[in-house]
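# Secondary and tertiary structure notes
So you can see what is in the structure, the chains are spelled out below.
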Amino acid sequence: MERRYQWCGITLANSVKASSSGAALELVNIRKEFPGFTAIEDLDLKINAGEFFALLGPSGCGKTTTLRIVAGLETPTSGRVFLGGEDITDTKPHQRAVNTVFQSYALFPHMTVLDNVAFGLRQRKVDEPLKKAQDALALVELSHLADRRPQQLSGGQQQRVALARAIVNRPSLLLLDEPLGALDLKLRRQMQIELKAIQIEVGLTFLHVTHDQEEAMDMADTVAVMNKGRIEQMGAPEALYDRPKTAFVSKFLGQSNLFVGDVVETNDSAVSINLHGNKITVPVARAEKTAGKIAVGVRPEKVQFHESAPAAAAGQNILGPGEIIDIRFTGVSNQYLIEIPQVGSVTVFAQNVGKSPVVELGAQVWVSFKVEHAFGLADLPVGTEED
Amino acid sequence: MAIAGFSGGTAKGSSKRNSKGASKSALKGDRKGAIVAGILLIPGLLYLALFFLTPLVQLVVTALESPDASGAIGAYVYDFNVQNFADVAVKYSLQIFRSFGYAFLATIFALLISYPLAYFVGVKVRRWPLLQRMTLVLVIAPFFISFLLRTVAWKQLLSVGSPLLGVLQNIGLVPHDGYFIGTPAAVVFGLTYNFIPFMTLPLFTTLERLDGRLIEAGADLYANPFKVFTKITLPLSMPGVVSGTLLTFIPIAGDYVNASRDFLGSSDTSMIGNMVDQDFLSNQNYPYASALSVLLMATILILVSIYVRRAGTEELL
Ligand SMILES: Nc1ncnc2c1ncn2[C@@H]1O[C@H](COP(=O)(O)OP(=O)(O)O)[C@@H](O)[C@H]1O
Ligand SMILES: [Mg+2]
């Protein structure tokens, strides 16, 4: 899988290895402490070769620090970094077949766009650096700006130069640190599509850092949700959305209704909790915990509401009655906020296809959702302490 | 030159400010702004006319004078005697060569010493602002003491019989029966030492602003530390290198303290400044002294313009 790079006929002993295809990355037990602050705690991560991996988390959770450790710009306090099966923890940044698209782009202001892109190739003494740099610029559709200085480019153009400058080296692993953060929504969506297309075209391993959950879900094969220096959950975007395992993930990746109650019954197939007299059931296979106080969640679009009490049925969780306290029309769907005494507020998304009952603010309603759509979390939402 | 540059900057700055304010009340505001700028410029222009232009004209006029027919010492008449320039160029060719040679060497040494120093203060200790300020003060502190005093002190420290010279002799830098004061090496040493702050400070200001993220980007793009320095750090600090070398080379070429017999030099180390001094004060040969001064000025001007063109930083001029 890891071929010595083809562009250079000779392979010097200490020259950087680069592959035409991506390499796998593995972080084992990484910990990073800054004076008086632990930025990353016991982080384990495995990215397969050729995968588009997104690291998703709120600002300040340690995403950039993680990337910097992989790039070699920061030394982990403990833990190891493996690239293509090889331990690279102690190698210098310039010896790693890894390139970064920096959050700030970090383009060299004293060089033209073309020289910026050719920089890495020249350092490795690759043949025809300028021609390859031209090709990379063509890939990001910036050939016409090759002779400009980076300062003369717009934010979006600079971002694409930064991308070309990294990709042209065909690194085993490409690190992208919120590269689309500075772009407006339209350009951002467009660049997401381009980026994904480029990744498929060149077949590199991408480690993409973002705080935009839609971006992560859209582009990545695998998403890892990071919070306070730890990875909370990792998996395919659909799996993560369908079955979040922690309160943080359930709220950060889309929206969730969470109900906290005590487990009253557990059998082979289901766990039931008591919520001030209301019973909510979740399949055992979808519950992280089966005893004590647990949080059960459901996505707002999986919840229906009814103007009269629905008949109790197996496989249905029913709550109510409650009162509609807010209605928002967001175009394709309506968003209802229903306050149910003893239970709390429940958000319901109903598609605007004329099937939902027409209700007014203040109307009395019941809500229901399928047991199979519920998920049981490993922890409790902030503010509902274990007792 | 520095003064000219300063006034140029003022004019540019003020007209820029105007054009911004003038965007609304178009022409009228523009006019008014121009008048205000003109008024603000008057003191500067007067100052330049009085203390820069007048002496300059006086200098050139003197440089063209011929000896009085009476032949009395120090008596000259107005003339257009271009021969003076040729005379001094030949008579003082050795000192002219020496001046620029010493200036060149001292500038190189000052650059080699100052760059690591400025890099350390501006980049390495950046994370600790207090330490940064302290190291900067340490670099400049010796220069709070008078230039002459420090140079005399070096003369004492390095004169025959001093322990420091003994050390230099013991490690073989100076022969055992040799001396140091009065040699070209001593003069270059003194020049280098005395002008180091003029090199360090401009270097410090550019290196202080050096974006560390660009260094990291270089390393990320396979450049080893040496390549990072030559391809990124050095090119980005060129403005500091250019202004630092100008600020040292120009005054060093005209310096006459270090090379004089009273300080670190001897009659074998005389520079242009010492000859001007001698012609003006001892020989009372005012036309020669003036012609030599004008020659020095013109040569520096030519060298500096070539240098700045080459360095690609015309905006400094
Ligand atoms: N050099 C440093 N010294 C001290 N704290 C740091 C340093 N770099 C980052 N941090 C802290 O580590 C945390 C994670 O930072 P970062 O990885 O940049 O977050 P993200 O990229 O997810 O927004 C932040 O709280 C930040 O303040
Ligand atoms: Mg960041």
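Before reading further, recall that the structure is shown in the block above.
Let me begin by describing the structure that accompanies this report. On a predicted model such as this, the values are computed, not experimentally measured, just so you know.

Here we take up the overall build of chain B. If you tally the helices and strands in chain B, you get 13 helices and two strands. Sorting the 317 residues of chain B into buried and exposed places 39% on the buried side. Within the structure as shown, chain B displays about 18,100 Å² of accessible surface, and the carbon and sulfur contribution to it stands at 70%.

On to the packing of aromatic side chains. Taken as a whole and judged by the stated rule, the model has 16 aromatic pairs over all chains. Aromatic pair Tyr76 of chain B and Tyr286 of chain B: ring centres 6.2 Å apart, planes at 70°, arrangement edge-to-face. With a gap of 210 residues between them, Tyr76 of chain B in strand β2 (residues 76-77) and Tyr286 of chain B in helix α13 (residues 286-311) connect regions that are remote in the sequence. Given the relative accessible area of 23%, Tyr76 of chain B is considered partly exposed. When its relative accessible area of 25% is taken as the criterion, Tyr286 of chain B is described as partly exposed. Look at Phe195 of chain B and Phe198 of chain B: their rings are 5.8 Å apart centre to centre, the planes differ by 40°, and that puts the pair in the tilted class. Within this pair, Phe195 of chain B and its partner Phe198 of chain B are both found in helix α8 (residues 184-208), separated by three residues, close to a single helical turn. The structure contains a cluster of three or more aromatic residues connected by ring pairs, namely Phe143, Trp154, Phe180, Phe189 and Tyr193 of chain B. Sitting over the ring of Tyr222 of chain B, Arg124 of chain A keeps its end group 4.7 Å from the ring centre.

Further remarks concern the site of ligand 1. Residues and elements named next belong to chain A. Taken together, the residues surrounding ligand 1 are Phe34, Phe37, Ala39, Pro58, Ser59, Gly60, Cys61, Gly62, Lys63, Thr64 and Thr65. Contacts to ligand 1 include Gly60, whose backbone N or O atom sits 2.6 Å from an oxygen atom. Between ligand 1 and Cys61 there is a distance of 3.2 Å, counted from an oxygen atom to a backbone nitrogen or oxygen. Elements supplying a minimum of two residues to the shell around ligand 1: β2 (37-47) and α1 (63-71). For the shell around ligand 1, the element with the highest residue contribution is α1, accounting for three residues.

Residues and elements named next belong to chain B. Among the surface-exposed residues, Phe104, Leu105, Ile108, Phe109, Leu112 and Ile113 lie close enough to one another that they form a single nonpolar patch of about 560 Å² accessible area. Looking at the element boundaries, Ile108 is found in helix α4 (residues 93-124). Given a relative accessible area of 34%, Ile108 falls into the partly exposed group.

Nonpolar side chains in soluble globular proteins generally cluster together in the buried interior. All names here are of chain A. Counting residues in hydrophobic clusters, the biggest one holds 45 residues, and the most contacted among them are Val117, Leu137, Leu163, Leu174, Phe206 and Val223. Looking at this core, the elements that each hand over two or more residues are β3 (52-56), α2 (113-123), α3 (129-139), α4 (155-167), β7 (173-177), α5 (185-202), α6 (213-219) and β9 (222-227). Ranked by the residues each element gives to this core, the list is headed by α4, at six residues.

This paragraph deals with the interface of chain B and chain A. How big an interface is tends to be reported as the loss of accessible area on association of its parts. Counting residues at the interface gives 17 residues for chain B, matched by 26 residues for chain A. Interface area for chain B against chain A, summed over the two sides, is near 1,800 Å², with a carbon-plus-sulfur share of 65%. Contact with chain A buries area across many residues of chain B, yet Asp220, Leu221 and Tyr222 of chain B alone supply 45% of it, more than any other trio. At the junction of chain B with chain A, the criterion picks out one salt bridge. Two residues, Glu216 of chain B and Arg68 of chain A, come together in a salt bridge whose shortest N-O distance is 2.7 Å. Every element with two or more residues in the side of chain B that touches chain A is listed here: α9 (212-220) and α10 (225-236) of chain B. Element by element, the count of residues in the side of chain B that touches chain A is highest for α9 of chain B, at seven residues.

About the criteria used
- Once a new chain begins, its residue numbering starts again from 1 and follows that chain's sequence as written.
- Chain labels run from A onward and ligand labels from 1 onward, assigned in the order the entries are written.
- Residues qualify for local features only when their pLDDT is at least 70, as the model is predicted, and side-chain atom pairs are given and counted only at 80 or more; totals for whole chains, interfaces and linings, by contrast, use all residues.
- To get the side-chain values, all heavy atoms of the structure are used, and hydrogens and water are removed first.
- The secondary structure listing takes helices from DSSP runs of H or I that are at least 4 residues long and strands from runs of E that are at least 2 residues long, numbered from the N terminus.
- Each residue gets one of three labels from its accessible area relative to the maximum for its type: buried under 20%, exposed over 50%, partly exposed in between, using a 1.4 Å probe on protein chains only.
- Note that accessible areas follow from Shrake-Rupley with a 1.4 Å probe, and for residues the cover is restricted to the protein chains shown.
- Classification of ring pairs rests on two measures: the distance between centres of Phe, Tyr or Trp rings, Trp counted by its six-membered ring, which must be within 6.5 Å, and the angle between planes, read as stacked under 30 degrees, edge-to-face over 60 and tilted in between.
- By definition, being over a ring means that NZ of Lys or CZ of Arg is both within 6 Å of the ring centre and within 35 degrees of the ring normal.
- To be near a molecule or strand, a residue needs just one of its heavy atoms within 4 Å of it.
- Two N or O atoms count as a polar contact when they lie within 3.5 Å, although within protein this holds only if one can serve as hydrogen donor and the other as acceptor, and sequence-adjacent residues are included solely when both atoms are side-chain atoms.
- Only residues whose relative accessible area exceeds 30% and that take part in no salt bridge are eligible for patches, with like-charged residues grouped when within 9 Å of each other and nonpolar side chains (Val, Leu, Ile, Met, Phe, Trp, Tyr) grouped when within 5 Å.
- By convention in these notes, a salt bridge is any Lys or Arg side-chain nitrogen within 4 Å of a carboxyl oxygen on Asp or Glu.
- What we call a nonpolar core is a set of buried Ala, Val, Leu, Ile, Met, Phe, Trp, Tyr and Cys residues that are connected through their side-chain atoms within 4.5 Å.
- Note on definitions: a residue-residue contact is assigned when non-hydrogen atoms from the two residues lie within 4.5 Å.
- Two parts lose some accessible area (1.4 Å probe) when they are put together, and adding that loss for both gives the buried area.

Read these as geometric descriptors, not functional statements.
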